[in-house]
Amino acid sequence: MDAEKMDENEWKYHGEGNKSLVVSHSQRCVVLRFLKFSPNRNKAPEEILRHLQNIVDFGKHVMKQFFGEKYVHYGEVVQLPLDFVKQLCLKIQSERPESRCDKDLDTLSGYAMCLPNLTRLQTYHFVEHRPILCVEIKPKCGFIPFSSHVSQEIKHKVCRYCMHQHLKVANGKWKRLSKYCPLDLFSGNKQRMHFALKSLLQEAQNNLKIFKNGELIYGCKDDQDSLSDWNELARHLKPFFFPANGMVSGPHCTRTIIKELIHVITMTLLSSTDACRAGNMKTVPISRGRSYCEASAFSKELVRNGKNKMESSGLPRGCLLYKTLQAQMLDMLDIEGLYPLYNRVEQCLEEFPEERSTSQIDGPYNEAFYEKLLDLSTEDDGTEAFAFTKVQQYRVAMTAKDCSIMISLSPCLQDECSAQRPVVLASKSRFTFSVSVLDLDLKPYESIPHQYKLDGKIVNYYLKNVQAKDDPVMSNLFKENEDCTLVLHKV
Ligand SMILES: O=P(O)(O)O[C@@H]1[C@@H](OP(=O)(O)O)[C@H](OP(=O)(O)O)[C@H](O)[C@H](OP(=O)(O)O)[C@H]1OP(=O)(O)O
Ligand SMILES: Nc1ncnc2c1ncn2[C@@H]1O[C@H](COP(=O)(O)OP(=O)(O)OP(=O)(O)O)[C@@H](O)[C@H]1O
């Protein structure tokens with residue numbers, strides 16, 4: 001990128017989350033990712049540079065090891081002319097969703113990250129000219145805590161996402177409850193995965209977005225503003241899935257196209273396209289915890305239909321969902337077991353402030369940082385070293401619980417075949433595809449007390465307002481099925 005020749009008119013607003021804002025280049029397949037801050041909380045340019053460099057290093061030296069080279073695009077830090085950033089900020093301001101405007105784009109440092117535009121690219125080095133469809137999923141936490149530190153039984157039965165839904169609707173963040181349950185998506189069972197994906201399509205919230213040729217065509221722009229018409233989506237998808245035939249439109253056609261989409265996403269999510277270093281390490285306890293969530297609409301439906309076996313086929317070891325789950329499971333103690341260790345770290349830092357840098361809390365996130373994450377013991381020997389390791393593992397797990405998966409699909413012909421590019425088949429079409437993971441910024445050490453409080457709030461709200469009203473017959477039925485365990489392959 002030639003910093004001298006930056007022209008804000010070549011860039012457009014692409015999207016944003018809570019901490020960063022992304023603009024895409026209109027011709028080239030790259031995006032710029034800027035940090036955002038609350039007004040008047042601007043940091044010194046050197047601090048921002050270090051923060052961004054930390055994000056890149058964390059992707060490069062840590063998350064790449066967990067997820068595999070092909071799945072992680074860590075990009076690079078770039079320095080941009082301040083004038084360009086200021087003009088860009090003015091240009092995109094009107095397109096920003098209101099709910100995200102509590103934070104401002106950093107226009108003072110001139111630093112940003114440059115990344116491949118994953119909604120338009122199949123591989124980093126490949127510029128695509130053919131149409132491209134991209135599905136972004138933020139799957140959230142895919143397991144139920146197995147830690148003995150958990151104090152409320154409900155946390156062993158209902159997953160955090162399903163409990164949190166009730167609090168979010170009560171707080172007005174979303175209008176309706178979603179039927180999506182991450183445990184269904186992470187089950188590896190196709191029927192459960194289909195149900196999870198259909199639920200995401202019904203109520204996308206901030207967990208699903210669909211892009212066509214880099215433009216958002218489905219999902220939330222804003223808490224208030226969402227593109228969620230299935231007929232409209234089917235109209236966009238039809239040329240991808242039924243390129244040759246003139247299927248009539250209507251509800252049947254829409255359903256068929258949506259089914260095709262769900263099938264293709266499931267297959268790509270189960271595909272193994274990369275190997276990684278952490279794949280060889282003995283990771284997290286397997287076959288622990290429950291493999292289904294009592295609140296999942298799928299589970300409830302099965303029980304209602306008198307079926308007492310919850311299928312959990314297990315995820316193939318090489319697929320991105322499996323790797324995401326393994327990284328999430330670095331949270332072995334649950335926030336309830338972790339919080340006392342955080343306090344131990346705090347006490348240590350008070351006495352020995354220099355430990356903050358020795359223990360790499362604020363980086364550098366290098367090979368040494370990664371190596372320290374590999375100690376999976378859960379026996380507390382009372383040392384500070386144990387506490388530091390568990391705190392860092394927890395931060396990595398939280399990052400994996402909040403990342404997004406990007407699946408890009410590009411139609412290809414039958415005779416087009418490449419050893420490097422996997423292919424997924426639909427009934428009447430085929431696609432080359434790639435799967436990537438994004439938003440791999442290490443969660444801050446300082447957010448741990450917030451996590452602890454939020455966990456309490458979510459559980460208490462659920463116990464008071466939801467579980468108390470639930471049918472007791474239902475929970476008795478579930479008791480009969482408690483032998484189901486998480487079936488993951490041994491490593
Ligand atoms: O705590 P959660 O599960 O609500 O996750 C937060 C997300 O809310 P969600 O539930 O996905 O709607 C939240 O997403 P939204 O801003 O609500 O779209 C952020 O991703 C937040 O991360 P950070 O503080 O920006 O680093 C996320 O916070 P972390 O918990 O990952 O720190
Ligand atoms: N490399 C990329 N290519 C294409 N789109 C991207 C890329 N990186 C981010 N995006 C888009 O920008 C949105 C916001 O980015 P991101 O999730 O990194 O923001 P965030 O503020 O860190 O999120 P959070 O709210 O989870 O903290 C994403 O949901 C995605 O749609």
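Only a predicted model underlies this, so the values are computations on that prediction, with no experimental measurement involved.

Let us now look at the sheet that holds strand β10 (residues 226–227). If you trace the seven strands from one edge of the open sheet to the other, you get β10-β9-β8-β7-β11-β13-β12, paired in antiparallel fashion. Pairing within the sheet leaves two strands with one partner each, and these edge strands are β10 and β12 (423–425). Together, β7 (133–137), β8 (208–212) and β9 (215–220) form the strand contacts of helix α5 (residues 190–202), whose direction differs from that of β8 by roughly 80 degrees.

Turning to helix α9 (residues 320–328), a few remarks are in order. The element α9 is extensively covered by neighbouring structure, given that nine of its nine residues are classed as buried. L320, L321, Y322, K323, T324, L325, Q326, A327 and Q328 are the residues of α9 that are buried.

On to the site of ligand 2, then. Around ligand 2, the surrounding shell holds 22 residues, and the nearest of these are N18, K19, S20, E136 and D439. One of the backbone nitrogen or oxygen atoms of S20 is found 2.7 Å away from an oxygen atom of ligand 2. Separating an oxygen atom of ligand 2 from a side-chain N or O atom of D402 is a distance of 3.4 Å. Here ligand 2 has 620 Å² of accessible area as a free molecule, and 92% of this is covered by the chains. Elements with a minimum of two residues in the shell around ligand 2: β1 (11–16), β2 (20–25), β3 (30–37), β6 (111–116) and β8. Tallied by class, the residues present in the shell around ligand 2 amount to eight nonpolar, six polar and eight charged.

Near ligand 1 there are 15 residues, and of these R100, K168, K173, D402 and K443 occur at the shortest range. Measuring from an oxygen atom of ligand 1, one finds a side-chain N or O atom of K19 at 3.0 Å. If ligand 1 stood free it would expose 600 Å²; the protein chains cover 83% of that surface. Of all the secondary-structure elements, those providing two or more residues to the shell around ligand 1 are α3 (160–171) and α14 (448–465). Per-element accounting of the shell around ligand 1 gives the leading share, three residues, to α3.

We now examine the confidence of the model for the protein chain. Of the residues in the protein chain, 87% have a pLDDT of 70 or more, and the chain-wide mean is 89. Taken together, the stretch residues 480–491 has pLDDT below 50 and engages in 41 contacts with residues farther than four places along the chain or on a different chain. Note on the complex model: pTM 0.93, ipTM 0.98.

Attention shifts here to the packing of helix α10 (residues 334–351) against α14. Relative placement of two packed helices is described by the angle separating their axes and the distance separating the axes. Where α10 contacts α14, the axes come no closer than 10 Å and their chain directions differ by 145 degrees. With respect to the hand of their crossing, α10 and α14 are arranged in left-handed fashion. Here I335, E336, L338, Y339 and Y342 of α10 come into contact with α14, specifically with I448, P449, Q451, Y452 and D455. Its residues assigned to classes, the contact of α10 with α14 shows seven nonpolar, one polar and two charged.

Scoring rules and cut-offs
Residues numbered from 1 in each chain as written. Chains lettered and ligands numbered in written order. Predicted model: local features only at pLDDT ≥ 70, side-chain atom pairs only at ≥ 80, totals over all residues. Heavy atoms only, no water. Pairing = 2+ DSSP bridges. Helix = DSSP H or I, 4+ residues; strand = E, 2+ residues; numbered from the N terminus. Contact = heavy atoms within 4.5 Å. Axes fitted to C-alpha atoms, helices over the stretch in contact; angles between N-to-C directions. Buried < 20%, exposed > 50% of the residue type's maximum accessible area, 1.4 Å probe, protein only. Near = heavy atom within 4 Å. Polar contact = N/O pair within 3.5 Å; in protein donor to acceptor, adjacent residues only side chain to side chain. Areas by Shrake-Rupley, 256 points an atom, 1.4 Å probe, with all protein chains shown as cover. Nonpolar A, V, L, I, M, F, W, Y, C, P; charged D, E, K, R; others polar. pLDDT = per-residue confidence, 0-100. Left-handed = near helix turned anticlockwise from the far one by under 90°.

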